[in-house]
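The chain contents come next:
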Amino acid sequence: MNSHSHDDFHHRFRRAQVEAPRQVDPMRRPTRVVASSALFSGEHEIGISHAGSLYRLKITRQGKLILNK
C-alpha cells in the first residue's frame, strides 16, 4: 500500500517548483496536473473513453482513486 499522503505529494510538487531547474530533456514536457474536483464536479465516479474502451474512475469512501476497465 502507498504510504504517501496527498499532502506529501503536494509538498514535493510545490518544492520542485521552487528549486532551481534541473537539466531536463527539452523534448519532454512537464506533467499536466488536473484537480480531481475539476474532473468529478461533485460526483464520485466518472467514465473515461480511451482507445475504444470505457474506464471508470471512482473515489472510494476512504478518498482514494480506483480505475477499472
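Residues numbered from 1 in each chain as written. Predicted model: local features only at pLDDT ≥ 70, side-chain atom pairs only at ≥ 80, totals over all residues. Heavy atoms only, no water.

1. A word on the sheet that holds strand β1 (residues 45-50)
For step 1, the next point in the chain: Within the open sheet, the 3 strands sit side by side as β1-β2-β3. Their pairing is antiparallel. Pairing within the sheet leaves two strands with one partner each, and these edge strands are β1 and β3 (65-68). Adjacent strand axes in the sheet meet at a mean angle of 25°, parallel and antiparallel pairs treated alike.
For step 2, the next point in the chain: In terms of strand pairing, β1 meets strand β2 (residues 53-59) through 6 bridges, oriented antiparallel. Looking at the pairing, G47 lines up with R56 of β2. (Pairing = 2+ DSSP bridges. Helix = DSSP H or I, 4+ residues; strand = E, 2+ residues; numbered from the N terminus. Axes fitted to C-alpha atoms, helices over the stretch in contact; angles between N-to-C directions.)

2. Some points on the pattern of salt bridges
Two side chains of opposite charge can pair, provided their charged atoms sit close to one another.
For step 1, the next point in the chain: The full count for this structure, using the stated rule, is 1 salt bridge.
For step 2, the next point in the chain: Between E45 and R56 there is a salt bridge; the shortest N-O distance is 3.0 Å. Remark: R56 occurs in strand β2 and E45 occurs in strand β1; sequence separation between them is 11 residues.
For step 3, the next point in the chain: The partly exposed category is assigned to E45, whose relative accessible area is 37%.
For step 4, the next point in the chain: A relative accessible area of 38% places R56 in the partly exposed class. (Salt bridge = Lys/Arg side-chain N within 4 Å of Asp/Glu carboxyl O. Buried < 20%, exposed > 50% of the residue type's maximum accessible area, 1.4 Å probe, protein only.)

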